[in-house]
Amino acid sequence: MLSLKSKLSIEGCICRRSAMSQNPMPEFEPLADFDQRRIELEGVQKTVYVQGHGPGIIVMPEMPGVSPHVVRFARWVAEAGFRVYLPSLFGHDGAVGTAEEGAAVFQRACISAEFNALRRGASSPVTRWLRALARQAHDECGGPGVGAIGMCFTGNFALSMMVEPAVLAPVLSQPTLPLRDPAGLEISEDELQFVRRRLENEDLRVLAYRFEGDPLCTAQRFQAYQEALGPRFEGRVLPDERANPDVPPFFSRHVPAPHSVVTVHLIDRDGEPTRSAVNEILTFFRQNLSPTA
């Protein structure tokens, strides 16, 4: 006989799977409703997908790229009253891709000069370009400043971007770098101290999210952020059992546990912790970027 707890667990899983199956993600997302722009900053051109009106938000993709799950989140941000800037940093834009294709994207990024994937205490060079994008977004959108959210491989970039004064609302979703140091922070000490002073002087906060059992974004890493930033760092830890189990091939083969809070492992239903995280992020952006903030 199954215990009541086991029955409830099974029923909850069935219910969540049923809810997810009603809104399956496409295999390819053409991003036809975004304005595709080639933006040159710091002597480097990148494709940026732009949508919406209001204060600017930089949405940085997770591995293996600008997937339909990342695009869905970007649309939610635009629908909430913001102008989204979604830069293409790696991968095949709009594609889910196979496990092999995703692994190849990951390997190329690990050896790219734009990313500091393995070494702690140093920010990825691409954050200079992203800071310039934040300045441009602020110039174009106006308002008090811009928000930024990084995910997985880009998870810490929103913190490094705070060296740019326009960035007022940073969100770190499952920050994964440096890969070989579970307690390491992917940011230089000088930049970290600069950010800490900004947080204190300007009364700002940093939101961060991870799943409890995530071996890629560990409890040690969140503890390191807490020690570095104090109460200005607000880390949220979500239960593994409330993650979406229906994931694309790259995640099912290469990601060993619930990981992507606002994209792949999200369950889009009221009352789910992942949906609540999205709502909290949108509220955070409104509180910090409204004209009266």
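Residues numbered from 1 in each chain as written. Predicted model: local features only at pLDDT ≥ 70, side-chain atom pairs only at ≥ 80, totals over all residues. Heavy atoms only, no water.

Novice: How do you make sense of the pairing of strand 7 (residues 206-211) when you look at a structure like this?
Specialist: Consecutive side chains of a regular strand alternate in pointing toward one face of the sheet and then the other. Across the six residues that make up strand 7, a large majority, six, are buried. Neither face of strand 7 is open: one carries Val 206, Ala 208 and Arg 210, the other Leu 207, Tyr 209 and Phe 211, and all of them are buried. Relative to strand 7, strand 6 (residues 167-173) runs parallel, the two being bridged by three bridges. Counted as the bridge partner of Ser 173 is Tyr 209 from strand 7. The pairing of strand 7 with strand 8 (residues 233-238) spans six bridges and is classified as parallel. Following the sheet pairing, Phe 211 is matched in strand 8 by Leu 238. (Buried < 20%, exposed > 50% of the residue type's maximum accessible area, 1.4 Å probe, protein only. Helix = DSSP H or I, 4+ residues; strand = E, 2+ residues; numbered from the N terminus. Pairing = 2+ DSSP bridges.)

Novice: Even after reading the chapter, I still don't get the sheet that holds strand 6, so can you show me in this structure?
Specialist: Within a sheet, neighbouring strands are paired by backbone hydrogen bonds and run either parallel or antiparallel to one another. Strand order in the open sheet made by the eight strands is 1-2-4-3-5-6-7-8, with mixed pairing throughout. Among the strands making up the open sheet, the edge pair consists of strand 1 (35-41) and strand 8. Mean inter-strand twist for the sheet, computed between neighbouring axes without regard to direction, equals 20°. By the bridge criterion, three bridges tie strand 3 (residues 56-59) to strand 4 (residues 83-87) in an arrangement that is parallel. The residue of strand 4 that forms the bridge with Ile 57 is Val 84. (Axes fitted to C-alpha atoms, helices over the stretch in contact; angles between N-to-C directions.)

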